[in-house]
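Examination of the molecular architecture
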Amino acid sequence: MDDAVFPSFPPGFVWGVSTAAYQVEGAVDEDGRGKSGWDAFAAGPGRIRDGDTATMACDHYHRYPEDIALMAELGVDAYRFSFSWPRIQPGGAGPVNAAGLAFYDRLVDGLLAAGITPSPTLFHWDTPLELEQAGGWLNRDTAERFADYAQLLGAHFADRIPRWTTINEPVSVTMLGYGAGIHAPGLSLGFDALPAAHHLLLAHGMGVQALRSAGAGNIGIANNHGATWPASRSEGDLQAAGLYDAIANWLFADPILNGAYPEALAPFLPAVPDSDLPTIAAPIDWYGINSYNPTLVGAPRAGTGGQIDGHALDASLPFSLREVEDYPRTDFGWPVVPEAFTELLLGFKKRYGNKLPPIYITENGAAVNDGPGPDGRVHDQRRIEYADAHLRALKAAMDAGVDVRGYFHWSLLDNFEWAAGYSQRFGLVHVDFATQRRTPKDSFRWFSELIRAARDA
Ligand code: GBH
């Protein structure tokens, strides 16, 4: 912890850690799990750094008791994991796969026995392959299938699960999966990916309704957000940054919190039935924000759309992503800008006012790739600095009136970082992927002390 006294958080503030099924479970061929679009995508050549796959990942499917014990030692109140849809419904529809569901029974019961609140997400990107092959999120039917899946999980777990998240980051699925071809299913449709955004939002709203009808409550979504900074005050840069901001942030928040799409996107959005908007705006109990860094955006440049994590973007886009300069960077190259986190949260309060439900930070963290040193310990000081600064920035926003109820660090474990494979480590716990040995890092001890101090305060 920093020398400065750590700010106090309100009593009952929820401290947690996050993971996602495809990134940690492994066991992709066990107990009747169906394939997901990510299995197919990762198997293709050149998709994942070093040709990595999630076949084994952290073997959380078998090692969850050890991982629950680590969380108990860490002292978190809650664990945000995700259900694997193809484990529950192998083809994305129809009857439940009992053996797959039984894994989550064991996980949920183990968490409850350890005094940790299960806080699952229904969908964190592992679309059942059969649905993907039928068009995936470009196909409206996928939202209907998602509602069935939500209903089934709600009915099974309502009495044991007190906090639910529908979907993780529709923006990343839309932009990285269908827009830029960096994630599954690997389509590069540019603006033609926007129907996927609508169907993901529709699935969220239908999922909220299905969960409630099944008796489940305390429901939110986890949306990725980051401040958008224009590259300069020039007209062209301001305009491009405004458009990017509308797409990356408000496209995914306005329909949920405000019942309408941003005006600026009208020229790009598909025609949709009027009745979809009230469904998307189905009342939620809280709003989840995943946030890592701000993005610098400028007018298009000849020949380049800029890049995301080393992947080139299409030069025909009406904006180009630039590098935020003059700040430290994580090992992933992402800028470390805590004040942009405060700015983002204040921006939400300003944009939605009283319509903004309580917020949970459902993800925040940093890729810091240090491994065990000669002393066997992992001195990931830069992760501690990142988390410390972002928690202070969060507290600053709370002091300015933003109602934030909890913070989930991404992640408990080093894990399968999508297109970056195992090259980027976000865990409080180091994982040696050859042996599956877990080593709590210095940040684990830091976070654990912080949680205990916050609780005693
Ligand atoms: C989260 O994604 C994921 O939920 C999690 O699974 C992942 O491991 C973690 O963060 C760390 O990466 O989407 O085109 O508008 C955050 C990934 C990537 C989301 C960049 C926002 C911005 C560009 N972020 N993305 S775009």
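Residues numbered from 1 in each chain as written. Predicted model: local features only at pLDDT ≥ 70, side-chain atom pairs only at ≥ 80, totals over all residues. Heavy atoms only, no water.

**With respect to the packing of helix 3 (residues 60–74) against helix 5 (residues 98–113)**
It is the contact of helix 3 with helix 5, at a shortest axis distance of 10 Å, that shows an interaxial angle of 10°. Comparing the axis directions of helix 3 and helix 5 gives the class roughly parallel. Seen from helix 3, the contacting residues are His60, Tyr61, Tyr64, Ile68 and Met71; seen from helix 5, they are Ala99, Phe103, Arg106, Leu107, Gly110 and Leu111. Partitioning the contact of helix 3 with helix 5 into residue classes produces eight nonpolar, two polar and one charged. (Axes fitted to C-alpha atoms, helices over the stretch in contact; angles between N-to-C directions. Helix = DSSP H or I, 4+ residues; strand = E, 2+ residues; numbered from the N terminus. Parallel < 35°, antiparallel > 145°, perpendicular 65-115°, else oblique. Contact = heavy atoms within 4.5 Å. Nonpolar A, V, L, I, M, F, W, Y, C, P; charged D, E, K, R; others polar.)

**Details of the pattern of salt bridges**
This model, assessed by the stated rule, comprises 24 salt bridges. Between Asp67 and Arg438 there is a salt bridge, with its nearest N and O atoms 2.8 Å apart. One end of the pair, Asp67, is in helix 3; the other, Arg438, is in strand 16 (residues 437–440), and 371 residues separate them in sequence. Relative accessible area serves as the criterion here: at 0%, Asp67 is assigned to the buried category. Owing to a relative accessible area of 8%, Arg438 belongs among the buried residues under this scheme. Between Asp399 and Lys395 there is a salt bridge, and its shortest N-O distance comes to 3.0 Å. Note that Asp399 and Lys395 are positioned in helix 13 (residues 381–399) at a spacing of four residues, about one turn of the helix. Through salt bridges with shared partners, a single ionic network connects Asp105, Asp109 and Arg160. (Salt bridge = Lys/Arg side-chain N within 4 Å of Asp/Glu carboxyl O. Buried < 20%, exposed > 50% of the residue type's maximum accessible area, 1.4 Å probe, protein only.)

**A few points about the packing of helix 12 (residues 338–352) against helix 13**
Running from N to C, helix 12 and helix 13 point in directions that differ by 30°, and their axes come no closer than 8 Å. As far as their axial angle goes, helix 13 and helix 12 are roughly parallel. For the pair helix 12 and helix 13, the sense of crossing is right-handed. Of the residues in helix 13, those touching helix 12 at Pro338, Phe341, Thr342, Leu345 and Leu346 are Ala389, His390, Ala393, Leu394, Ala396 and Ala397. Across the contact of helix 12 with helix 13, the residue classes tally to nine nonpolar, two polar and no charged. (Left-handed = near helix turned anticlockwise from the far one by under 90°.)

**Digging into the UniProt feature "active site" (unreviewed entry) in the protein**
Mapped onto this numbering, the UniProt entry annotates "active site" (unreviewed entry) at Glu169 and Glu363. For this annotated set, covering 195 residues, all C-alpha atoms fall within 10.5 Å of each other, a compact arrangement in space. Contact partners of Glu363, with chain neighbours within four places excluded, come to Ser18, Arg80, His124, Asn168, Glu169, Ile289, Asn290, Ser291, Tyr292, Phe408 and Trp410. (UniProt positions renumbered as here; feature names shortened; annotations may be inferred.)

**Description of the UniProt feature "binding site: substrate" (unreviewed entry) in the protein**
The feature "binding site: substrate" (unreviewed entry), as annotated in UniProt, sits at Gln23, His124, Asn168, Tyr292, Trp410, Glu417 and Trp418 in this numbering. Turning to its location among the elements, His124 is positioned in the loop between strand 4 (121–123) and helix 6 (129–133). Under the relative-accessibility criterion, His124 is labelled buried at 2%. The residues contacting His124, other than those within four sequence positions of it, are Thr19, Ala20, Gln23, Arg80, Ser82, Asn168, Glu363, Trp410 and Trp418. Mapped onto the fold, Trp410 is located in strand 14 (residues 404–410).

**A few points about the site of the ligand**
Not every one of the 20 residues close to the ligand is listed here, only the nearest: Gln23, His124, Glu363, Glu417 and Trp418. Note that an oxygen atom of the ligand is positioned 2.9 Å from one of the side-chain N or O atoms of Asn168. Here an oxygen atom of the ligand and a side-chain polar atom of Trp410 are 3.3 Å apart. Counting residues per element, the shell around the ligand draws most heavily on helix 8 (residues 170–179), at four residues. For the shell around the ligand, a count of residues per class yields eleven nonpolar, six polar and three charged. (Near = heavy atom within 4 Å. Polar contact = N/O pair within 3.5 Å; in protein donor to acceptor, adjacent residues only side chain to side chain.)

**Section: the packing of aromatic side chains**
Per the counting criterion, the structure on display carries 47 aromatic pairs. Between the aromatic rings of Phe103 and Tyr104, the centroid separation amounts to 4.8 Å while the plane-to-plane angle is 70°, which identifies the pairing as edge-to-face. The residues Phe103 and Tyr104 share a single accessibility class, namely buried. Ring-pair connections join several aromatic residues into one group, and the members of that group are Tyr22, Trp38, Phe41, Trp125, Phe416, Trp418, Tyr422 and Phe433. (Phe/Tyr/Trp six-rings, centres within 6.5 Å; stacked < 30°, edge-to-face > 60°.)

**A short note on the environment of Ala102**
Relative to the helices and strands, Ala102 resides in helix 5. The class of Ala102 is partly exposed, set by a relative accessible area of 24%. C-alpha of Ala102 to C-alpha of Asp31: the two residues are 71 residues apart in sequence and 9.6 Å apart in space.

**Structural notes on empty space enclosed by the protein**
Enumeration according to the criterion identifies three cavities of 30 Å³ or more in this entry. What the largest cavity holds in volume is close to 60 Å³. Considering the residues around the largest cavity, the lining is formed by Trp38, Trp125, Thr127, Glu132, Ser172, Val173, His183, Ala184 and Pro185. Residues of the lining of the largest cavity, tallied by class, amount to five nonpolar, three polar and one charged. (1 Å grid on protein atoms, 1.4 Å probe; cavity = no way out; pocket = protein on both sides within 12 Å on 5 of 7 lines; lining within 4 Å. Points joined across faces, edges and corners; volume = space filled by probe spheres on them.)

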